[in-house]
Every structure is written in C-alpha cells, then in structure tokens.
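The lines below spell out each chain.
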Amino acid sequence: MKVLVTGASGNVGRYVTEELANMGEQVVAAGTNPKKLSELFEDKVDTITFDFTNKGTFTNALENVDRVFLMRPPHLGKPEDLYPFIDAMKAHKIKLVSFLSLMGVEKNTIPPHHKIEKYIEASGIPYAHIRPGFFMQNVSGVHSVEIKEKNQIFIPAGNSKTSFIDAEDIGLSVATLLHNPEKYKNTAHTITGSEALDYYQVAEILSKVTEKHITYAKPGYLKYRRYYINNRGLDKAYVNVTVALYFMTRMGTAKDVTDDFFKLTGRQPRTFEEFAIANVNCFN
Ligand SMILES: NC(=O)c1ccc[n+]([C@@H]2O[C@H](COP(=O)([O-])OP(=O)(O)OC[C@H]3O[C@@H](n4cnc5c(N)ncnc54)[C@H](OP(=O)(O)O)[C@@H]3O)[C@@H](O)[C@H]2O)c1
C-alpha cells in the first residue's frame with residue numbers, strides 16, 4: 001500500500017516525500033499544481049492532482065493508500081476547510097494520519113491546528129500529530145529579502161527566543177511515524193531544534209556565515225505590518241497571522257526545547273548555524 005503526501009511541494013512535504021522514498025515506501029505526492037510536482041520529483045514518485053477544496057479529487061488520491069501526511073496550506077485559514085478530506089480518510093479506513101500541527105497547540109485553542117487535531121481524534125482515525133517549532137525556512141524564505149537587500153532581520157519578535165527546526169528534520173520525523181504506523185498510533189510529538197535563539201543571535205550567526213554585517217532591526221508590530229503589506233505587497237490576512245504568531249512568540253511560546261526529534265530518529269537536529277552554512281545562497 002502507498003503513502004499519500006499532501007503539500008508535497010511545500011517546505012515540509014518535499015522532505016516527507018524524499019525520506020519515505022528513501023525508506024522504500026511507495027509515495028503519492030499530491031498538490032494542486034502537478035507540473036511543480038513532476039519538476040521537483042521527476043519520476044521518483046507518483047504524483048496526483050489533489051485539492052482540499054475539491055471533493056472530486058479525493059477518491060483518486062486515496063486509491064491504494066493506507067497512510068497520509070496531512071498539512072494545512074497556509075491560505076486555508078478555517079479548520080473546516082480540511083474536514084471533508086478528514087471524513088474521506090475515515091471512510092477509506094486510513095491506518096495512520098500524521099498531521100503537521102504546531103508547537104503548543106494542545107494548550108492554545110486559537111490556531112486552526114487545534115481544532116483540526118481534535119477533529120482527527122474524534123474521527124477515530126489512528127493519528128500521529130507532529131507539532132514543530134518555527135521553521136528555519138522562515139528566515140531563509142519570506143524574511144530573506146531584507147537580509148539580502150538591507151543586511152537586516154525585520155521581524156517583530158522583540159527579545160524573545162525561538163527553538164528553530166529545519167523542515168528537513170520535520171520531514172524525517174514524519175516519515176519515521178508513517179513508516180511505523182502501529183508503533184506510533186495515537187501519539188503526538190513536539191519537534192524543536194536543540195537550542196533557543198533570539199534574533200540578535202540569529203543575526204550574529206548570519207553575519208559570520210555570510211561575512212556581511214547583518215543586524216536585527218527589532219521593529220514593532222505596526223511598523224512590521226505596514227511594511228509587509230505596503231512595501232512587500234503580501235496578503236493582509238497572511239501578515240495578520242504572522243503578527244499574531246510573533247505576539248505569541250514574545251509571550252514565550254516558541255522557546256521550549258524538546259528531545260522528541262532524537263527520540264524518533266536517534267539523531268541530533270540540525271543547528272541554525274549548520275542550516276545557514278548549507279543555505280548561504282539564500283542570504284547573499
Ligand atoms: N512556518 C512555520 O514556522 C510553521 C511552524 C509550525 C507549523 N507550520 C504549519 O505548516 C503548514 C505549512 O507547511 P509548509 O510550510 O510545508 O507549506 P508551504 O511551503 O506553505 O506549501 C503549501 C503547500 O500546500 C499545497 N496547496 C496549496 N493549496 C492547496 C489546496 N487547495 N489543496 C491541496 N494542496 C494545496 C501547495 O502545493 P500546490 O501549489 O501544488 O497546490 C504546497 O505544496 C501550515 O499549516 C503552518 O501553519 C508552520
């Protein structure tokens with residue numbers, strides 16, 4: 001039987017796909033853009049057109065599938081957007097679903113991930129939630145523009161600390177869960193890096209790795225919001241969600257360090273410095 005990977009072209013899904021394939025699993029990589037998937041994976045795995053908002057795509061995607069990596073595309077803000085597919089997984093008697101959730105969500109009812117976890121649990125589908133901290137890819141992705149153009153980290157996180165995790169390590173964790181469905185049935189795993197850093201420390205590491213003088217601008221919420229909406233032209237709803245997340249970060253919700261990654265994989269998670277060295281092109 002096969003494993004379906006939703007969001008397979010995303011930060012985490014691409015590594016879930018690769019790691020499962022390395023473990024010898026038959027993988028179906030899913031997304032709304034099949035061209036993107038075939039460019040990314042060539043003919044290494046099967047690919048399929050799949051859309052959470054189109055029930056007509058569910059039956060094909062679940063054919064010969066008994067395990068699923070489930071992620072919530074960031075623009076699908078309502079938990080209810082995922083419910084029809086969760087119902088379809090239940091009807092299909094899926095053996096294990098691993099949902100990409102969020103660190104601390106078991107105590108925080110505001111992010112959509114909370115309700116999605118509860119809906120999966122109530123459905124009776126065996127689950128293995130993965131609750132990661134902030135991705136290192138946020139710094140090398142959406143926030144890299146100011147680092148490249150202005151030598152500045154422009155994030156409203158105050159003096160707070162974050163236990164960043166590499167999406168590649170999340171991918172390995174998820175693949176480990178899905179490769180061992182009996183062992184990890186009805187479990188949850190909070191995956192973080194091995195250290196919590198503030199953005200002054202992130203700036204120091206990036207300065208060392210890029211050999212440029214990178215500083216942390218520490219903007220307030222309003223300045224950050226205005227800049228990302230007006231200057232960067234990003235979607236208002238998306239920017240508002242990030243403001244809420246950085247507000248929570250300032251309250252200390254992103255700083256815990258766990259050893260769940262080691263327990264699952266027997267490896268140490270990648271440090272931010274190792275990540276910056278491997279991805280130096282994103283910052284130069
Ligand atoms: N960033 C963080 O620090 C962080 C931390 C913890 C949790 N998370 C959670 O992680 C999730 C995002 O994961 P990610 O960063 O790996 O994703 P991502 O890189 O933003 O990629 C989104 C994926 O969703 C697919 N997609 C978009 N619309 C779709 C639709 N209607 N139906 C099916 N697939 C669709 C896209 O593929 P196509 O274009 O082919 O459709 C793409 O593969 C979010 O729920 C976020 O809250 C993020």
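Overview of the structure. In this text, all values refer to a predicted model and were calculated from it rather than measured experimentally. For every chain, the first residue of the written sequence is number 1, and numbering continues from 1 onward in sequence order. Two thresholds apply to this predicted model, a pLDDT of at least 70 for residue-level local features and 80 or more for giving and counting side-chain atom pairs, whereas whole-chain, interface and lining totals are computed over all residues. Computation of side-chain values: all heavy atoms of the structure, hydrogens and water removed.

1. Let's talk about the overall build of the protein
Short version of the rule: Under the scheme used here, helices are H or I runs from DSSP no shorter than 4 residues and strands are E runs no shorter than 2 residues, and both carry numbers assigned from the N terminus. Two things to know: the radius of gyration comes from C-alpha atoms, and the globule rule equals 2.2 Å times the number of residues to the power 0.38. When a residue's accessible area, from a 1.4 Å probe over protein chains only, is under 20% of the maximum for its type it is buried; when over 50% it is exposed; and in between it is partly exposed. The contact criterion used is simple: two residues touch if any of their non-hydrogen atoms lie within 4.5 Å.
For the protein, the count of helices and strands is 13 helices and eleven strands. Radius of gyration (C-alpha) of the protein: 19 Å, near the 19 Å computed for a compact globule of 284 residues. On the principal axes, the C-alpha backbone points of the protein span a range of 55 × 35 × 35 Å. Counting across all 284 residues of the protein, residues that qualify as buried make up 52%. Residue pairs at least 24 apart in sequence account for 76% of intrachain contacts in the protein once pairs closer than 6 positions are excluded.

2. Concerning the sheet that holds strand 3 (residues 46-49)
Formally: We call two strands paired when DSSP finds no fewer than two bridges between them. Angles shown run from 0 to 180 degrees and are taken between the N-to-C directions of axes, each axis being a line fitted to C-alpha atoms and, for helices, limited to the stretch in contact.
Spatial ordering of the open sheet is given by 3-2-1-4-5, a layout of five strands whose pairing is parallel. Edge positions in the sheet fall to strand 3 and strand 5 (96-99), since each has one partner strand and no second. Across the sheet, the mean angle separating the axes of adjacent strands is 20° when strand polarity is ignored. Pairing of strand 1 (residues 2-5) with strand 2 (residues 27-31), which is carried by three bridges, proceeds in the parallel orientation. When the bridges of strand 2 are listed, L4 appears paired with V28.

3. Some words on the site of the ligand
How we decide: Residues are classed as near a molecule or strand on a simple rule: at least one heavy atom within 4 Å of it. Distance and chemistry together define a polar contact, namely a pair of N or O atoms within 3.5 Å, with one atom able to donate a hydrogen and the other to accept it when in protein, and with adjacent residues in sequence counting only for side-chain atoms on both sides. Surface accessibility in these figures is a Shrake-Rupley result with a 1.4 Å probe; residues are shielded only by whichever protein chains are displayed. Asp, Glu, Lys and Arg are counted as charged, while Ala, Val, Leu, Ile, Met, Phe, Trp, Tyr, Cys and Pro are counted as nonpolar; the rest, among them Gly, fall into the polar class.
Close to the ligand lie 27 residues; S9, T32, K36, R72 and N138 are nearest. A distance of 2.7 Å separates an oxygen atom of the ligand from a polar atom in the side chain of K36. Look at the ligand: alone it shows 930 Å² of surface, and the protein chains cover 84% of it. Per-class residue counts for the shell around the ligand are twelve nonpolar, twelve polar and three charged.

4. A closer look at the environment of R72
Among the structural elements, R72 can be located in the loop between strand 4 (65-70) and helix 4 (83-91). For R72, a relative accessible area of 16% corresponds to the buried category. Considered as a pair, R72 and S101 are 29 residues apart in the sequence and their alpha carbons are 8.3 Å apart. For R72, the residues in contact, after removing those within four places along its chain, are G77, L82, F99, P112, H113 and I116. Within the structure, the side chain of R72 is placed 3.3 Å from the backbone oxygen of P74, a separation counted as a polar contact. At 3.1 Å, the side chain of R72 forms a polar contact with the backbone oxygen of L76.

5. Some words on the nonpolar core
Going by this rule: What is meant by a nonpolar core is a set of buried Ala, Val, Leu, Ile, Met, Phe, Trp, Tyr and Cys residues, joined one to another through side-chain atoms within 4.5 Å.
Counting residues in each nonpolar core, the largest one holds 31 residues, and the members touching the most others are V12, L20, F69, L100, I130 and I170. Mapped onto this core, the elements with two or more residues apiece are strand 1, helix 1 (13-22), strand 2, helix 2 (34-41), strand 6 (128-132), helix 8 (167-179) and helix 12 (260-265). Among the elements that line this core, the one with the most residues is helix 8, at seven residues. Those residues in contact with V12, other than ones at most four positions away along the chain, are F69, L100, F135, A167, I170 and G171. With 30 residues, the next largest nonpolar core counts F134, F154, Y227 and F283 among its residues.

6. Quick look at the packing of helix 1 against helix 8
Just so we agree on the cut-off: Orientation categories follow fixed angle ranges, with anything under 35 degrees roughly parallel, anything over 145 roughly antiparallel, 65 to 115 roughly perpendicular, and all other angles oblique. Rotating anticlockwise by less than a right angle from the far helix to the near helix defines a left-handed crossing, while the corresponding clockwise rotation defines a right-handed one.
At a minimum axis separation of 8 Å, helix 1 and helix 8 run at an interaxial angle of 50°. The angle between the axes of helix 1 and helix 8 places the two elements in the oblique class. Along this stretch, helix 1 crosses helix 8, giving a crossing that reads as right-handed. Facing helix 1, whose interface residues are Y15, V16, E19 and L20, helix 8 presents A167, E168, G171, L172, V174, A175 and L178.

7. Structural notes on the pattern of salt bridges
Convention followed: Only one rule defines a salt bridge in this text: a Lys or Arg side-chain nitrogen within 4 Å of an Asp or Glu carboxyl oxygen.
Taken as a whole, this structure holds 15 salt bridges when the rule is applied. The partner of K2 in a salt bridge is D46, and the shortest N-O contact between them spans 3.1 Å. Linking K2 in strand 1 with D46 in strand 3, this pair joins segments that are 44 residues apart in sequence. Residue K2 is classed as buried on the basis of its relative accessible area of 18%. One salt bridge in this structure joins K78 and D81, with 3.9 Å as the shortest N-O distance.

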